[in-house]
Amino acid sequence: MYYAHSVADQDKDCWQKLKDHLEATARLAKVFGAKFDAASFAQAAGVLHDIGKYSQSFQDRLEGANIHVDHSTAGAQEALSLYGRAAGRIIAYTVAGHHAGLPDYGSPQRAGSLSERLLSSTPSYDAYKTDKLKLPPVSLLRLPFLPSKNTPGFSIQLFIRFVYSCLVDADFLDTEKFYDPYKSKNRRHYPGLEKLALRLEDYLIKLKENSSGAAIKYHRDKVLQACIEGAVRKPGLFTLTVPTGGGKTLSSLSFALQHALQHQMSRVIYVIPYTSIIEQNADVFRIALGNEAIVEHHSNYQFPERDDLQWAEEFERLKLAAENWDAPIVVTTNVQFFESLFASKSSRCRKLHNIARSVIILDEAQMIPTSYLKPCLTALAELVIHYGCSVVLCTATQPAITSYLPGKMIPVELAPDPHMLYQALRRVQVVPIGAKSDHELAEELSNCGQVLCIVNTRQHALKLYKMLSGNNTFHLSARMCAKHRTQRLDEIRQALKEGQPCQVISTQLIEAGVDVDFPVVYRSFCGLDSLAQAAGRCNREGRLDQGYVYTFKPEKHGLPKGWLSRTAEVAAMVMKDYKDPLELEAIEKYFTKLYSIEGEALDEHGIMALIEERSKELAFPFREIDEKFNIIANNTKSIIIPYDQRCRNLIEQAKFLGVTTNLSRSLQPYTIQIYSYEYAELTKAGVLDLVAGQYLVLNYPSMYSQETGLQYVKDTLLAEDVLIV
């Protein structure tokens with residue numbers, strides 16, 4: 001008798017038999033794989049993934065022997081023997097990496113590569129044949145599609161990732177069922193999409209009854225109706241081009257639910273560029289659809305604390321669903337979504353099979369990371385063509401991406417006449433005012449009752465704030481922890497609501513979907529996509545006949561070199577030709593020029609070439625791709641600001657409990673990012689404590705201003721005239 005898993009201090013009657021585990025994993029993986037016509041691949045991977053446990057050495061390990069046993073290479077070798085070079089290698093990748101992550105193919109001389117492992121010697125595992133496990137025949141293991149003509153390697157490596165996802169999720173789930181039946185039982189049990197669609201319909205009726213502003217209401221209704229009518233279209237790539245305030249969030253959700261029902265799709269995945277927007281939208285979805293339907297998966301999310309038993313079970317389900325996105329509505333970030341599609345680790349990949357046959361809404365689609373634009377668009381196209389997905393690019397400023405899509409793929413517009421909508425919902429006038437010194441700018445801002453000024457650097461924001469500083473002036477930047485910024489935004493919204501004077505100096509972070517409404521906005525010279533986002537903070541609710549967005553060129557504080565500078569230069573070129581730089585034609589011209597100038601930088605890290613380089617040999621560098629595909633630069637470190645008593649209590653808990661997922665998420669709103677060189681300076685100064693071996697905590701309270709956040713100078717931490725750097 002061979003076993004897959006043992007239980008400490010229990011006799012073998014309580015251990016999981018290896019045959020049972022392999023059969024259960026294969027059955028579940030087969031179900032997952034069926035969603036994208038890969039049932040046989042997933043089933044074969046499920047049967048073979050642990051056959052290395054049929055070795056005596058592994059059984060000795062279960063008995064308590066202190067030895068390391070490689071139990072995954074055996075299944076990879078057997079896959080190649082049974083299914084040949086093509087299908088066999090696809091399965092070999094998934095089996096070899098089901099614990100440690102998808103390996104690079106590499107070379108026989110490179111330790112740990114798939115190439116080396118396929119040639120290595122392994123303990124005898126022939127005993128698996130005596131259990132007569134059911135393996136699919138070779139004839140069934142054929143790619144379910146023709147790889148894309150220009151990027152065949154991309155098609156195949158993504159297929160391997162999806163089969164891998166089926167295997168690792170099935171393996172996790174069956175192992176969990178054995179070790180923790182209660183936890184396993186808590187998975188699923190969600191309301192169906194039909195019920196959610198009815199809830200949304202009821203919510204929209206109530207919202208319509210309570211809304212004001214006949215013109216905006218009329219056009220929002222037109223957008224909503226167009227989305228509902230468009231739901232019957234066959235799955236594919238769509239755009240939803242709607243100005244700020246046009247109701248695109250709930251309209252896109254209506255389309256997604258109706259479209260999923262129409263075409264028997266599994267779930268809706270809402271992808272949002274920033275956590276500051278994600279929390280707003282997820283709250284809207286919860287109000288409309290109920291708590292139990294929405295899974296948030298991003299770094300800032302904390303599960304609310306409640307005592308009742310029903311919530312405890314609901315909490316457990318949502319927490320578990322975040323592991324593999326097994327929920328009807330998933331709300332996540334660009335970082336989580338796209339990095340998962342290029343990841344190699346099992347924890348990041350196990351959710352992929354649940355993306356198949358989903359409706360994917362990309363909110364603020366112009367925020368698809370430009371340095372990864374080509375691989376991201378190729379991945380989206382693959383999801384549409386080969387995995388039964390529909391993708392909706394949802395924004396007021398559609399990026400000009402058609403030329404970067406494969407074949408003749410052309411997105412279908414869902415909005416009713418976007419040009420008409422833009423004119424009908426236009427609420428601001430953009431006014432270029434040329435160069436401005438800081439003193440001139442400060443004087444103009446001080447004469448405005450309610451005004452938002454957005455600049456490009458923290459230094460400039462701090463300088464202007466100090467020039468204006470008073471009871472009615474607020475500062476916002478990424479050197480303030482999220483908890484601090486949230487409190488400031490609440491104060492700002494209250495002042496705006498009461499008609500009180502309110503002058504806000506902010507960096508670009510306020511453009512990330514933050515819901516504020518100013519009559520006047522000043523914007524330092526920038527790209528048209530940023531200008532459009534800034535305009536979205538002006539006359540947002542249409543209470544005025546016209547809001548004004550003044551664009552200016554700072555006298556001394558220019559644009560940081562690189563991306564921001566290039567976007568501003570392209571914007572300047574386009575603005576010469578258009579009286580209104582935010583009209584749709586101008587936006588399209590802006591993105592077309594920008595992407596043309598960027599050229600090879602649209603795949604800055606060479607991901608596509610890396611994939612295609614040895615694709616004919618199916619020799620993919622999965623781990624190298626994972627390392628290169630990092631949307632957020634990893635040259636920063638997180639430090640925790642003990643901003644309030646709750647944070648200080650959490651830090652004390654960490655000292656005794658150590659690192660936990662819940663504790664890490666609870667501390668997230670108190671973190672800020674600093675660059676590596678800044679971390680070195682702060683460490684040298686001795687102002688950071690390392691708690692529980694992981695959490696870096698600021699221990700010098702005077703370095704954190706309640707007005708402007710983290711502050712220090714390089715030479716001394718005690719200088720009075722501090723600068724944010």
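Residues numbered from 1 in each chain as written. Predicted model: local features only at pLDDT ≥ 70, side-chain atom pairs only at ≥ 80, totals over all residues. Heavy atoms only, no water.

**Considering unusual backbone geometry**
Move 1: With a phi close to 50°, Asn539 is a non-glycine residue in the positive phi region.
Move 2: Mapping Asn539 onto the fold places it in the loop between helix 21 (528–535) and strand 15 (547–554).
Move 3: Judged by its relative accessible area of 2%, Asn539 is buried.
Move 4: Even without being a glycine, Leu618 presents a positive backbone phi close to 55°.
Move 5: Its location among the elements puts Leu618 in the loop between helix 24 (607–612) and helix 25 (622–628). (Helix = DSSP H or I, 4+ residues; strand = E, 2+ residues; numbered from the N terminus. Buried < 20%, exposed > 50% of the residue type's maximum accessible area, 1.4 Å probe, protein only.)

**Considering the pairing of strand 8 (residues 390–395)**
Move 1: In terms of burial, strand 8 is largely enclosed, as six of its six residues are buried.
Move 2: Where burial is concerned, the two faces of strand 8 agree: the one with Ser390, Val392 and Cys394 and the one with Val391, Leu393 and Thr395 are both buried.
Move 3: Both strand 7 (residues 358–363) and strand 8 contribute to a ladder of five bridges, which runs parallel. Residue pairing in the sheet places Val359 in a bridge with Ser390 of strand 8. (Pairing = 2+ DSSP bridges.)

**Re empty space enclosed by the protein**
Move 1: In the structure shown here, the tally under the stated rule is two cavities of 30 Å³ or more.
Move 2: Pro243, Thr244, Tyr422, Ala535 and Leu582 are, among the 18 residues lining the largest cavity, the residues nearest its centre.
Move 3: Listed by contribution, the elements that provide at least two residues to the lining of the largest cavity are helix 17 (418–424) and helix 21.
Move 4: For the lining of the largest cavity, a count of residues per class yields 12 nonpolar, four polar and two charged.
Move 5: The calculated volume of the second largest cavity comes to roughly 40 Å³.
Move 6: As for the second largest cavity, its lining consists of Arg523, Ser524, Phe525, Cys526, Leu528, Leu531, Thr551 and Met575.
Move 7: Elements with a minimum of two residues in the lining of the second largest cavity: strand 14 (520–524) and helix 21.
Move 8: Each residue belonging to the lining of the second largest cavity can be placed in one class, and the counts come to five nonpolar, two polar and one charged. (1 Å grid on protein atoms, 1.4 Å probe; cavity = no way out; pocket = protein on both sides within 12 Å on 5 of 7 lines; lining within 4 Å. Points joined across faces, edges and corners; volume = space filled by probe spheres on them. Nonpolar A, V, L, I, M, F, W, Y, C, P; charged D, E, K, R; others polar.)

**Observations regarding the pattern of salt bridges**
Move 1: If you walk through the whole model with that rule in mind, you get 22 salt bridges.
Move 2: In this structure, the salt-bridge partner of Asp70 is Arg117, at a minimum N-O distance of 3.8 Å. Here Asp70, found in the loop between helix 3 (56–62) and helix 4 (73–83), pairs with Arg117, found in helix 6 (residues 114–119); they are 47 residues apart in sequence, far enough to count as distant.
Move 3: With its nearest N and O atoms 3.1 Å apart, the salt bridge here joins Arg488 to Glu491. Note that Arg488 and Glu491 are positioned in helix 20 (residues 482–497) at a spacing of three residues, about one turn of the helix.
Move 4: Accessibility expressed as a relative area gives 16% for Arg488, which makes it buried.
Move 5: Take Glu491: its relative accessible area is 36%, and that puts it in the partly exposed class. (Salt bridge = Lys/Arg side-chain N within 4 Å of Asp/Glu carboxyl O.)

**Here we look at helix 26 (residues 645–657)**
Move 1: Taking 1.5 Å per residue, 13 residues should reach 18 Å; helix 26 reaches 18 Å between its end C-alpha atoms and fits that length.
Move 2: Listing the buried residues of helix 26 in full gives Cys647, Leu650, Ile651 and Ala654. The buried residues of helix 26 occupy an angular sector of 100° when the element is viewed end-on, so they sit on one face.
Move 3: Residues of helix 26 that are buried make contact with strand 16 (636–640), helix 27 (661–667), strand 18 (688–691) and strand 19 (695–698).
Move 4: Near the N-terminus of helix 26, the side chain that reaches the backbone nitrogen of Arg646, with its oxygen 3.3 Å away, is that of Asp644.
Move 5: Of the residues trailing helix 26, Gly658 is marked for its positive phi of about 80°. (Expected span 1.5 Å × (residues − 1). Arc of directions from axis to C-beta. Contact = heavy atoms within 4.5 Å. Polar contact = N/O pair within 3.5 Å; in protein donor to acceptor, adjacent residues only side chain to side chain.)

**Topic: the layout of surface pockets**
Move 1: In this structure, the second largest pocket spans a volume of roughly 1,400 Å³.
Move 2: Contributing to the lining of the second largest pocket are 45 residues, with Leu207, Arg220, Gly247, Thr249 and Leu250 lying nearest its centre.
Move 3: For the lining of the second largest pocket, the secondary-structure elements that each account for two or more residues are helix 9 (193–210), helix 10 (214–230), helix 11 (248–262), helix 12 (275–289) and helix 21.
Move 4: Take the lining of the second largest pocket: its biggest share by element is nine residues, from helix 9.
Move 5: For the lining of the second largest pocket, the residue count by class is 16 nonpolar, 17 polar and 12 charged.

**Description of the nonpolar core**
Move 1: Core analysis: the largest hydrophobic core is formed by 160 residues, its most contacted members being Ile91, Phe162, Phe337, Leu341, Ile355, Leu383 and Tyr387.
Move 2: Broken down by element, the residue count for this core peaks at 13 residues, all from helix 7 (residues 152–179).
Move 3: Setting aside residues up to four positions removed in sequence, Phe337 forms contacts with Ile269, Val271, Trp325, Thr332, Ile355, Ile360, Leu380 and Leu383.
Move 4: Formed by 41 residues, the second largest nonpolar core is a distinct cluster that contains Leu193, Ile278, Val359 and Val392. (Core = buried A, V, L, I, M, F, W, Y, C linked by side-chain atoms within 4.5 Å.)

**A word on helix 4**
Structural remark: α-helix, 3.6 residues per turn; residues separated by three or four positions point the same way.
Move 1: Counting buried positions over the 11 residues of helix 4 gives eight, a clear majority of the element.
Move 2: All buried positions along helix 4 are accounted for by Thr73, Ala74, Gly75, Ala76, Gln77, Glu78, Ala79 and Tyr83.
Move 3: On its buried face, helix 4 is in contact with helix 2 (39–48), helix 5 (85–96) and helix 6.

**Let's talk about the environment of Val516**
Move 1: Residue position: Val516 is located in the loop between strand 13 (502–506) and strand 14.
Move 2: For the pair Val516 and Arg537, spaced 21 residues apart in sequence, the C-alpha separation works out to 5.6 Å.
Move 3: Among all residues touching Val516, those that are not within four sequence positions of it are Leu489, Arg493, Leu496, Ile510, Gly536, Arg537 and Arg540.

**Section: the sheet that holds strand 13**
Move 1: Read from one edge to the other, the open sheet built from six strands follows the order 10-15-14-11-13-12, with strand pairing classed as parallel. The open sheet has two free edges, formed respectively by strand 10 (428–436) and strand 12 (473–476), since each of these has just one partner strand. Taken over all neighbouring pairs, the strand axes of this sheet differ in orientation by 20° on average, direction set aside.
Move 2: Both strand 14 and strand 15 contribute to a ladder of five bridges, which runs parallel. For Ser524, the partnering residue across the bridge sits in strand 15 and is Phe552.
Move 3: Of the strands in this sheet, strand 11 (450–454), strand 12, strand 13 and strand 15 are in contact with helix 19 (residues 458–468), which crosses strand 12 at around 165°.
Move 4: Each of strand 11, strand 12 and strand 13 is contacted by helix 20, which is oriented at about 145° to strand 12, the strand it contacts most. (Axes fitted to C-alpha atoms, helices over the stretch in contact; angles between N-to-C directions.)

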